[in-house]
Amino acid sequence: MKFECRQGCMPNQRDIIYDRKTSLQIQVFNQRDELFVPGKNEVHFYGDNFGDILAFETIGYRNESEALIRDAIKWYAAYLGCPGMIIYAANPLY
């Protein structure tokens, strides 16, 4: 498996999806628990995890392909037990 889930640093300790091959990192925000303000120079996607809208934001975006980012999110969805998660390009809460 080329992806893994790591836990971020304090204070929020959100999940981070990590690609071992490219070092792509994506942090996961549960918008039910915290306010998500998109970073200016990062790539963002959103997903519905059984009613909880998750925001996915790259960390230190380095022109990784959108396909790789989506593959990482699909892997994470399966990891959560939600393999059919719909991935959105725009935040469905707004």
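Heads up: these notes are all about the structure in this document. All values reported here derive from a predicted model rather than from experimental measurement.

## Quick notes on the nonpolar core
- Core analysis: the largest hydrophobic core is formed by 18 residues, its most contacted members being Ile-17, Ile-26, Phe-56 and Tyr-76.
- With 7 residues, helix 1 (residues 66-80) is the largest single contributor of residues to this core.
- Those residues in contact with Phe-56 that lie beyond four places of it in its chain are Ile-17, Ile-26, Gln-27, Val-28, Val-43, His-44, Phe-45, Tyr-46, Gly-47, Ile-73, Tyr-76 and Met-85.

## Considerations on helix 1
- Over its 15 residues, helix 1 extends 21 Å from the first C-alpha to the last, a length consistent with the 21 Å expected when each residue adds 1.5 Å.
- Residues of helix 1 that are buried: Leu-68, Ile-69, Ala-72, Ile-73, Trp-75, Tyr-76 and Ala-77.
- Close packing links the buried residues of helix 1 with strand 1 (3-7), strand 2 (15-19), strand 3 (25-30), strand 4 (44-49), strand 5 (52-58) and strand 6 (87-88).
- Positive backbone phi, at 90 degrees, marks Gly-81, one or two positions downstream of helix 1.

## Comments concerning the state of the cysteines
- What the rule picks out here adds up to 0 disulfides.
- The structure places no disulfide on Cys-82, whose sulfur is separated from the nearest cysteine sulfur, that of Cys-5, by 15 Å.
- Residue Cys-82 is classed as buried on the basis of its relative accessible area of 7%.

## A closer look at the pairing of strand 5
- Strand 5 sits mainly inside the fold: 7 of its 7 residues count as buried.
- Burial of strand 5 is two-sided: the residues Asp-52, Leu-54, Phe-56 and Thr-58 facing one way and the residues Ile-53, Ala-55 and Glu-57 facing the other way are all buried.
- The sheet contact formed by strand 3 and strand 5 spans 5 bridges and is antiparallel. Within strand 5, the residue paired with Phe-29 across the bridge is Ala-55.
- Here strand 4 pairs with strand 5 via 6 bridges, running antiparallel.

What counts, and at which threshold
Residues numbered from 1 in each chain as written. Predicted model: local features only at pLDDT ≥ 70, side-chain atom pairs only at ≥ 80, totals over all residues. Heavy atoms only, no water. Core = buried A, V, L, I, M, F, W, Y, C linked by side-chain atoms within 4.5 Å. Buried < 20%, exposed > 50% of the residue type's maximum accessible area, 1.4 Å probe, protein only. Helix = DSSP H or I, 4+ residues; strand = E, 2+ residues; numbered from the N terminus. Contact = heavy atoms within 4.5 Å. Expected span 1.5 Å × (residues − 1). Disulfide = S-S within 2.5 Å. Pairing = 2+ DSSP bridges.

Geometric values such as these leave the question of function open.
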